[in-house]
Amino acid sequence: MIPAGLPRLESAGLDGWLVRLFDAIDETNLAWITALVRDCESAFGAALVDLVPSYTTLLVIFDPRVLTPAEARGRLQSLLADLAPDPQAEDAPVRELPTWYDERVGPELPRLAERAGLTEAEVVERHGAVTYRVYALGFAPGFAFMGSVDERLETPRLETPRKRVPAGSVGIAGRQTAAYPAVSPGGWNLIGRTAAVLFDRDRAGFSLLRVGDRVRFVPVERDEFERLGGDARPMEEGR
Amino acid sequence: MRQETVTGLSVERAGPLALLQDAGRFGVRRLGVTQGGPADVHAWAWANHLVGNAWGAGALEVTFGGLALKAARDLSLALCGADLGATLDDDPLAPWRGFRMRAGQVLRFAQPTSGLRAYLAVAGGFRADPVLGSLSCVVREGLGGHDGQGRPLAEGDRLAVGPGAKKGPRGKAVPVEERPDYDAVPRLALLPGAQVAEFEGASLHAAFGQAWTVDDRADRMGVRLLGPRLRCRLTSLISEGLGLGAVQVPPDGQPIALLNDRQTIGGYPRLGALTPLACARLAQCPPGREVRLAAVSAERALAEYRRFRAKFG
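- Identification of chain B as Allophanate hydrolase 2 subunit 2 from Halomonas beimenensis is taken from an unreviewed UniProt entry.

- Identification of chain A as Allophanate hydrolase 2 subunit 1 from Halomonas beimenensis is taken from an unreviewed UniProt entry.

Here it is, written out as structure tokens:
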């Protein structure tokens, strides 16, 4: 449920309102946020410029030539008065990310296992056992912040981020997990690599994952990973 | 539909950073894709306007200078924004004007004498295949630009131009009152945000009463401002969507104004958001420049923005 005092509309500039729906991260937030995304799309029509859903909020960007901030606020208030959680949110299809867990492509796997007091196989099992939810996209196109990882696997970010993390790298930061869609700098603890293509400019919808999606990492051996198009080159020479 | 394009200019020498920019990339921010678009929308819009292009045509954003372009054919162009010591062949070329290049002529940018970013528009617009609906070049994301891969211009690149607008140029020069004095200390209009109440009173007094200095950590993602340390009762938040111009304050108390290539979400408390035209003005401030923040009402900011957009149809 939406807590007392919320939702609240906060000014986000001339062309935006930030709708604050919740004050804490919870999986049950997502059905409300995805419902509001859908409602905004139909209520704002061509006046809608962009939507940025995140853990507890939705940023709504509108065209200030068409609507004044007060008019946009009024539309949002009437949407919020009738807002109901998306009944289909729990039935979202599960996206499977075939992942090769190996020290050669996931250099923090041994350290993470040691820290958790688990074997590497147990780390893989626990990481693959959870059906994650996508709470937000950000940092880079198609980069999905997912939660929540098994509490034994909770690990702070690297003190010094890597300059170059290969595409497909699967990592953990805190109790979140993610896969890097493209080569980028990054500070997550890497434990493997997925063969899934997370962002493709030539594919309809572009991003494999969206806020609210359900996701599982499916452990695969190296042969299968490569057969699926995964890049098995180790970190040092990986693309 | 394939657009009719021809090579208009070739790159003789690449400067530090020259990027193709249309109005920006919209509708995909929920996928983590940034907005892009011209850092100085004011100068970009005037450059396109002078050559007769509709709002949104692709123009070149030339940062710092250094670039040299050779005309492959006769072209009608306009240069607005920073004075980067441009010359056409060897004749000085002042900004805020339309001009013509004959095939073979070379346009060279030296270094900034006033402002940081110049905008070069061509009648018909610079053309490229749009990526995610836009040709705006975002280097960090590898999206857009003349080759679609988010690369800045490099020596040997060829820039395609569309067929010239039928109406032709809309005048020779931008009215003088529309040309900002980039050497003056700007007052950057800021709409206070909801978290402004979480800042200590003395910090708010300082934020709007004292001068800020543009740090050398300044790029198309954001501009860091150095000055009094701002203290906020909130330290970090759960990440949430960031609009253009959002002024976030990390724990070191030094604000960062977020510009076109900012990340889509972030978790620091915010003073509010600069208006689009304040962002444009900030984008012309070199490191070391003094700026001031001035709170404005949404009504006033909206009226200013609508007046600005109305000039360009």
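Moving on, there is more to tell.
1. A short note on unusual backbone geometry
- Following A:Leu6, the chain continues into A:Pro7 via a peptide bond in cis, with omega recorded as 0 degrees.
- Looking at the element boundaries, A:Pro7 is found in the segment before strand E1 (8-11).
- For the bond running from A:Gly147 to A:Ser148, omega is -5 degrees, close enough to zero to count as cis.
- With respect to the secondary-structure elements, A:Ser148 resides in the loop between strand E7 (144-147) and strand E8 (162-165).
- At B:Trp96, a position not held by glycine, the phi torsion is positive, near 70 degrees.
- Among the structural elements, B:Trp96 can be located in the loop between strand E7 (91-92) and strand E8 (97-101).
- Classification of B:Trp96 by relative accessible area gives buried; the value is 5%.

2. Details of helix H1 (residues 29-44) of chain A
Residue and element names in this part refer to chain A.
- Its 16 residues place the ends of H1 22 Å apart at the C-alpha level, agreeing with the 22 Å of an ideal helix rising 1.5 Å per residue.
- Burial in H1 covers these residues: Asn29, Leu30, Ala31, Trp32, Ile33, Thr34, Ala35, Leu36, Val37, Asp39, Cys40 and Phe44.
- Where H1 is buried, its residues touch strand E2 (16-20), strand E3 (48-53), strand E4 (57-62), helix H2 (69-81) and strand E6 (132-137).
- Glycine 45 sits one or two residues past H1 and shows a positive phi near 50 degrees.

3. Re the domain arrangement of chain B
Residues and elements named next belong to chain B.
- For chain B, the assigned domains read domain 1 (6-178) and domain 2 (187-310).
- Domain 1 and domain 2 are separated by 27 Å when their C-alpha centres are compared.
- If you look at the interface, domain 1 gives 26 residues, while domain 2 gives 21 residues.
- In total, domain 1 and domain 2 occlude about 1800 Å² of area from one another, counting both sides; carbon and sulfur atoms represent 49% of this.

4. Some remarks on the confidence of the model for chain B
- Summing up the model confidence of chain B, the mean pLDDT is 95 and the portion of residues at 70 or higher is 98%.
- As scored by the predictor, the complex reaches a pTM of 0.96 and an ipTM of 0.96.

5. Describing the sheet that holds E4(A)
Residue and element names in this part refer to chain A.
- Pairing within the open sheet is antiparallel, and its four strands lie in the order E1-E2-E4-E3. On the outer flanks of this sheet lie E1 and E3, each paired with one strand and no other. If you compare each strand with its neighbour and ignore which way they point, the axes differ by 20 degrees on average.
- Where E3 and E4 come together, five bridges link them in antiparallel fashion. What sits directly across from valine 52, in E4, is leucine 59.
- Its contacts with the sheet place H1 against E2, E3 and E4, and it is angled at close to 180 degrees to E3.
- In this fold H2 packs onto E1, E2 and E4, with an angle of close to 25 degrees to the strand it touches most, E2.

6. With respect to the sheet that holds strand E9 (residues 106-108) of chain B
All names here are of chain B.
- With antiparallel pairing, the seven strands of this open sheet are ordered in space as E7-E6-E9-E4-E1-E12-E11. Two strands lie at the open edges of the sheet, namely E7 and strand E11 (126-127), each paired on one side alone.
- Pairing analysis gives four bridges linking strand E1 (residues 6-13) to strand E4 (residues 68-71), with the strands arranged antiparallel. Pairing of arginine 13 across the sheet is with alanine 68, part of E4.

7. With respect to the UniProt feature "domain: Carboxyltransferase" (unreviewed entry) in chain A
- Per the UniProt record, "domain: Carboxyltransferase" (unreviewed entry) is annotated on residues 7-209 of chain A.
- Helix makes up 23% of residues 7-209 of chain A and strand 30%, and the two end C-alpha atoms of the span are 26 Å apart.

8. Let's talk about the domain arrangement of chain A
Residues and elements named next belong to chain A.
- Looking at chain A, the domain boundaries give domain 1 (8-90) and domain 2 (92-227).
- A C-alpha centroid distance of 29 Å is found between domain 1 and domain 2.
- Contacts between the two partners involve 11 residues from domain 1 and, on the opposite side, 10 residues from domain 2.
- Counting the surface domain 1 buries against domain 2, the share from its top three residues, Glu27, Leu30 and Tyr55, is 52%.

9. Let's talk about the packing of helix H3 (residues 109-116) of chain A against helix H4 (residues 120-129) of chain A
Residues and elements named next belong to chain A.
- Closest axis-to-axis distance for the H3/H4 pair is 9 Å, and the angle between their directions is 90 degrees. Relative to H4, H3 is oriented roughly perpendicular. Facing H3, whose interface residues are Leu109, Pro110, Leu112 and Ala113, H4 presents Glu120, Val123 and Val124.
- Of the residues in the contact of H3 with H4, the class split is six nonpolar, no polar and one charged.

10. Brief notes about the environment of A:Ala70
- Tracing the sequence through the fold places A:Ala70 in helix H2.
- With 138 residues separating them in the primary sequence, A:Ala70 and A:Leu208 have C-alpha atoms 35 Å apart.

11. Re the packing of aromatic side chains
- Taken as a whole and assessed by the stated rule, the structure comprises 16 aromatic pairs over all chains.
- Judged by centre distance (5.0 Å) and plane angle (70 degrees), the ring pair of A:Phe139 and A:Phe143 falls under edge-to-face.
- Measuring from centroid to centroid gives 5.1 Å for B:Phe308 and B:Phe312, while their planes differ by 70 degrees, and the two rings are edge-to-face.
- Through successive ring pairs, a cluster of aromatic residues spans B:Trp44, B:Trp46, B:Trp55, B:Tyr305, B:Phe308 and B:Phe312.
- Seen from the ring of A:Phe44, A:Arg75 lies directly overhead, with NZ or CZ sitting 5.7 Å from the centre.

12. Re the interface of chain B and chain A
- Between chain B and chain A, the residue contacts involve 40 residues of the former and 43 residues of the latter.
- Taken together, both faces of the contact between chain B and chain A bury some 3200 Å²; the carbon and sulfur share is 62%.
- Where B:Arg29 meets A:Asp50, a salt bridge forms, and the shortest distance between an N and an O atom there is 3.4 Å.
- For the side of chain B that touches chain A, the elements supplying multiple residues, two or more each, are strand E13 (187-192), strand E16 (240-241), strand E20 (270-274) and helix H4 (298-310) of chain B.
- It is H4(B) that contributes the most residues to the side of chain B that touches chain A, six residues altogether.
- Residues that form the side of chain B that touches chain A fall into these classes: 19 nonpolar, 12 polar and nine charged.

Reading guide: rules and limits
All residue numbers refer to position in the chain's written sequence, counted from 1. The order in which chains are written sets their letters, starting at A; the order in which ligands are written sets their numbers, starting at 1. Only residues with pLDDT of at least 70 get local features here, since the model is predicted, and only at 80 or more are side-chain atom pairs given and counted; chain-wide, interface and lining totals rely on the full set of residues. Derived side-chain values reflect all non-hydrogen atoms in the structure, with water molecules and hydrogen atoms excluded from consideration. Helix and strand definitions here come from DSSP, where helices need a minimum of 4 consecutive H or I residues and strands a minimum of 2 consecutive E residues; each element is numbered from the N-terminal end. Each residue is placed in one exposure class: buried if its accessible area under a 1.4 Å probe, protein chains only, is under 20% of its type's maximum, exposed if it is over 50%, and partly exposed if it falls in between. A helix is expected to reach a length of 1.5 Å times the quantity of its residues less one. Should any heavy atoms of two residues lie within 4.5 Å, those residues are considered in contact. For the domains described, the bounds stem from an automatic or database domain assignment. What counts as buried area is the accessible surface, traced by a 1.4 Å probe, that two parts surrender upon association, with contributions from both included. pLDDT runs from 0 to 100 and stands for how confident the predictor is about each residue. By the convention used here, strands pair only if DSSP detects at least 2 bridges between them. To get an axis, a line is fitted to the C-alpha atoms, and for a helix only the part in contact is used. The angle between two axes follows their N-to-C directions and goes from 0 to 180 degrees. UniProt positions are given in the numbering used here, feature names are shortened, and annotations may be inferred rather than shown by experiment. Angles are sorted into four bins: roughly parallel if under 35 degrees, roughly antiparallel if over 145, roughly perpendicular if 65 to 115, and oblique for all others. Gly falls in the polar group here, along with every residue not listed as nonpolar (Ala, Val, Leu, Ile, Met, Phe, Trp, Tyr, Cys, Pro) or charged (Asp, Glu, Lys, Arg). For this analysis, a ring pair means two rings from Phe, Tyr or Trp (six-membered ring only for Trp) whose centres lie within 6.5 Å, classed as stacked if their planes differ by under 30 degrees, edge-to-face if by over 60, and tilted for the remaining angles. Only Lys NZ and Arg CZ are tested; either one counts as a charge over a ring when it is within 6 Å of the ring centre and within 35 degrees of the ring normal. For this document, the term salt bridge refers to a Lys or Arg side-chain nitrogen within 4 Å of an Asp or Glu carboxyl oxygen.

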